[in-house]
Amino acid sequence: MNNKELPRKEASRAAMTWRSPLALLRDALRGQRAREKELRNLVSNLPYEGLEKGKQPNRHFPGNAIKTTKYTLLLFIPMNLFEQFHRLANIYFVGLAILNFVPVVNAFQPEVALIPICIIMALTALKDAWEDFRRYQSDRKLNNTPCLIYSRKEKQFMERRWKDVRVGDFVKVFCNEIVPADLLLLHTSDPNGVCHIETANLDGETNLKQRRAMSGLCISDPEFKPESFDSLVVCERPNNNLNHFKCYAEKPDKEKVGAGIESLLLRGCTVRNTDTAVGFVVYAGHETKSMLNNNGPRYKRSKLERKLNIDVIFCVILLFAMCLVGSLGHFVWLQKQPGVPPYLVADSNGHLDSPGLSAFYMFFTMIILLQVLIPISLYVSIELVKIGQIFFIANDIDLYDEETDSRVQCKALNITEDLGQIEYIFSDKTGTLTENKMVFRRCSIMGTEYAHKENGNPLHCAILFKQNELMQHLSLLFIVILHVFIYMHIQPAPVAPKRNRIFSEDSVIEEDHFNPPVKTEGSGAISGLQTCSLHAPSQDGKPATTSDNLSYEAESPDEAALVYAAKAYGFTLMGRTPNSVTVSLPSGKELVFEVLDTLAFDSVRKRMSILVRHPITKEYVLYSKGADYAIMELLEHLCGKQKSIAADTQRHLDCYAREGLRTLCFTKKVVSEKEYESWSVNRQRALAAMENREELTMDTAVQLETNLSLLGATGIEDRLQEGVPDTIVALREAGIQVWVLTGDKPETAVNIGYACRLLEEEDLLACTSILDCALEEVRRYSNDPRNVDTTPDISLVIDGRTLTMALSSDLQERFVDLAKHCRTVLCCRVTPLQKSRVVKVVREKLKVMTLAIGDGANDVNMIQAADIGIGISGQEGMQAVMASDFAISHFKHLKKLLLVHGHWCYTRLANMIIYFFYKNVAYVNLLFWYQFFCGFSGTAMIDYWLMIFFNLFFTSVPPIMFGIMDKDISAEMLLGVPELYRMGQGAGEYNFKTFWISMLDAFYQSLVCFFIPYIAYRDSDIDVFTFGTPLNTISLFTILLHLSIEIKAWTVVHWVIILGSVAIFFIVTLAYSGTCITCNPPSNPYWILQTQMADPMFYLICVITTVVALLPRVVFITDSYAVCILSSIRQCVCLRGVLWSSVSPGTKKQQHLFGTFYLVYVAFSCLLSCL
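Thresholds applied
Residues numbered from 1 in each chain as written. Predicted model: local features only at pLDDT ≥ 70, side-chain atom pairs only at ≥ 80, totals over all residues. Heavy atoms only, no water. Pairing = 2+ DSSP bridges. Helix = DSSP H or I, 4+ residues; strand = E, 2+ residues; numbered from the N terminus. Axes fitted to C-alpha atoms, helices over the stretch in contact; angles between N-to-C directions. pLDDT = per-residue confidence, 0-100. Contact = heavy atoms within 4.5 Å. UniProt positions renumbered as here; feature names shortened; annotations may be inferred. Polar contact = N/O pair within 3.5 Å; in protein donor to acceptor, adjacent residues only side chain to side chain. Buried < 20%, exposed > 50% of the residue type's maximum accessible area, 1.4 Å probe, protein only.

**Points about the sheet that holds strand β6 (residues 194-198)**
Now for step 1: On the basis of which strands lie adjacent, the open sheet formed by three strands has the order β7-β6-β12 and antiparallel pairing. Strands at the two margins of the open sheet, each flanked by one partner only, are β7 (208-212) and β12 (270-272). Each strand of the sheet is rotated relative to its neighbour by a mean of 45°, with strand direction disregarded.
Now for step 2: Bridge analysis of β6 against β12 gives three bridges, and the strand direction is antiparallel. Bridging from a neighbouring strand, His196 pairs with Arg272 of β12.

**Remarks on the confidence of the model for the chain**
Reading fine detail from the predicted coordinates is not recommended where pLDDT is low.
Now for step 1: Of all residues in the chain, 80% attain a pLDDT of 70 or more, and the chain-wide mean is 80.
Now for step 2: Within the model, pLDDT remains below 50 along residues 454-467, and this stretch shows 29 contacts once partners closer than five positions in the same chain are excluded.

**Side note on the UniProt feature "binding site: Mg(2+)" (unreviewed entry) in the chain**
Now for step 1: Per the UniProt record, the feature "binding site: Mg(2+)" (unreviewed entry) sits at Asp428, Thr430, Asp855 and Asp859. Over a stretch of 432 residues, the named residues converge on one spot in the fold, their C-alpha atoms separated by at most 10.6 Å.
Now for step 2: Within the secondary structure layout, Asp428 lies in the loop between β15 (424-427) and β16 (434-445).
Now for step 3: Residues within four places of Asp428 in sequence aside, it is in contact with Leu433, Leu741, Thr742, Lys835, Ile853, Gly854, Asp855, Asp859 and Met862.
Now for step 4: Among the polar contacts listed, one links the side chain of Asp428 to the side chain of Lys835, at a separation of 3.3 Å.
Now for step 5: Turning to its location among the elements, Asp859 is positioned in the loop between β32 (850-854) and α24 (860-865).
Now for step 6: Filtering out sequence-adjacent residues up to four positions away, Asp859 remains in contact with Asp428, Lys835 and Gly854.
Now for step 7: A distance of 2.8 Å separates a polar atom in the side chain of Asp859 from a polar atom in the side chain of Lys835.

**A short note on unusual backbone geometry**
Now for step 1: With a phi angle near 60°, Lys606 is a residue other than glycine that sits in the positive phi range.
Now for step 2: For Lys606, the position within the fold is in the loop between β23 (590-599) and β24 (607-613).
Now for step 3: Positive phi, close to 55°, is recorded for Lys847, a residue that is not glycine.
Now for step 4: According to the relative accessible area criterion, Lys847 is exposed, its value standing at 69%.

Here it is as structure tokens:
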């Protein structure tokens, strides 16, 4: 027997040991209590290897096998039926089919009545079974993935499967392998105990993250032995937070060593740039963080779907009203009979039901007869239409990004039509409106500003700085820049031919063609401030050194830009480990700083710091970076020169913000040895704490980050994406309000607002910190008689602190009232939580359709709070994309996605739903009108099989293709006239009015389709099915031609399906009439259609009836559509007229001819569309 199988066989035999039910129950209760504890005590499984399960210390925790399937083979049918019966429509139709088995109320053969609902539910069950089978295959593949688990008996790591991993095992992972469970990192092949992982499978982040082995537990050497691990691991209860983890290991001597997320390898991550890593399993299977985050797809109900459910209720009310009329009519008809009609058959006792009881039974018979009034296949058709719409959106070549080889991703299959009803857009700035490709532009060092050469046209300043003074300033800033990054992966870069851009593919710094001398230039942008231009030292033609072949991989583009900027001026980051930072100076000398601790960034402090030991002075130095408002308040008591430096630096920061640059402040602090030792004790105690660890560690950071010395600040440019201004202008012309929610300074946000045309020069900016004053100002502007019939050009700029107060319960109404009067709102210095709060407040208070778009993890809350969330696959990973409903590559793609595809999806689906209701009402009413001539007896003049075929085959495909392929307006016109998008906003095309107009039209057409043949055949000797056959044929022609009127853009597919439906109708009906003699006893449909088609009267009735039935629809649809289009164009022309008044006369003359031809083109396009 294979040695690898021995432990598994022994474990299987141990598991088969018989145990009493009481012992099993007791063990289950203990296991539940162990799993529910806030803290878990875990030990190594190695001493207990081979023992039965009852003696395993970690037996209460689940194994690593996963199961994501919903069904089992034996229970699939009952569980799926239970799932489908959550839909009220299915319960309704099944209930009617069962009711048809009751003899006193049945209207058709009971077995035949089951066919429609059985077909619909069978198709749904097949779809669910296929999806669950794919989940089963995925689970089986994952559970059988090989991995290495340490065996004490074999004294080595043995190959096992993922499903064999248990809590307490030791697992080894190699480079480029996926982590099988949540592992507490104990050892790596790296001498510094570092392991790099890629978390793209969890959060979409492609940047590598650094994990560190727990210090002091294991010896970091190649001969790591898991048997040496004898500590007790205490960790928190499993949760779905991917960014936090609390744990400590207690050694035999009771010493506690704390660990956090920086020492946890998550299941699903991929190990990179690390040969091997060994970890201790703390969570397995469904308790791992990745599985706890796997909640399946989010379900959102579209606005159209909510309206649809209301209209279904109206149809139910209409059905009950018609059934009540039938019941009362049957009662009146029986009452008026002078005797007992011969066709009323008594029961075996010779008893006949009273008229009242018969009328009661007839009510349920009429429900069975007219049940098709509720469209049984509507929901399935809607799902098919949305799948087709998503296919066309995903394959639009204009929304494809060739650079990243990515197209639109549609993750929410059920809200495509909401894209055509958006009224408010909430956008992030960095990475959404801008490229998030940072370029170093300016810096301020000790109160002196140094401008990058490409900044405008700088002027020479009067003060020239000496070379050594400049280098001293540079060393102050760039050395701290190279320290204050938690993680920077460094690797040799491939040698490439010299290009215009001197750095890596990130292109964070552009080549300046630096000259050897250091020039000093003044900038006209800052009046009265000293400004100098920086130029990197020349290499004098020397060959590239090893530092030139380094490539950096940072967690954010800002960090990469600053590190490359430092390298450009001779300060090169040569190495970055958890314990050291190696910096190369312009002179070629290398300094190695010992890293003592890192105070990570958090959204509360808005800064991060690193504590190092200086290699020359041996001082403890704290370097910090962060937002200006978070740094300036921590500076030491300012006086004399320091006060002047802080004031000059603040003016420089304000200037950078007005230019739209991203700003950061840098500081240092020398810490005494005594202060460091005291602080270090508190720090270690906080890191080992299990309760309130985040608060305690933050307190220790705040304790040290005081009395800082300001060194300088930087300004980094983040360029606008291509097409952003045009997109925002088009969206605003479409009637969409665009808000920007950013964490940047107000000055930076305003500058970007002007650059992307979110703000106009003539706008009145309300930069407010007092809500009531701003609201009063806006109201005064609106009430001014001079501003009557004008749109107020008011834009609101509000900061995070004011926004916090504005979103409080007592001020929300006033804030929303103020925002309604503003054309644009810029929210600055806002947190991720505030972003989502703003979206929720506007959506709930104004009852509008909202869309949120962002590219980073800080935008996830906002994206999920909106009706539609859109993620941009940019430079900050894929978290926003993974949390979104749709994903695009650039902001400019939003223009076509909304104005074209959004409009099409909404109008197509709205018109298709209305058509479905119309079709069913028009057809069912034929049966209703017939009841007036058959004593309301529930008799049908159309064979029931043909009634089933009518909805399942003859008229099912045309409306689906109508919903997928119709184009009421061309894409060129929708992009050229964005005002047409307003057709879907607010109530839109699918509203109370259009629904009931279609219902009235259906009643009218059914009256025409019934009574014209009735008048034609009155007093003749035809039988009931001979009368019903032309009604069925006329109804088919009327319904299909009605759809032909609705179709605005004919294609070959439309022609094939419309004509194919007619052909299938005649083929199936002729075959049925020719072969089914007693298919539905006692009726006899044999040879009826063949006889009718030989009679000229049949064709004459079909033509006349169809024309009379459709005449009002032809007039109505043409007039209403033309009025709607021309109204939108009139708004467009009026708007352009306002802009036209500001154009010079010469330009007007040149463009007048073009404008005339454009309006003629629009008019002819509308006319052709109507025809």
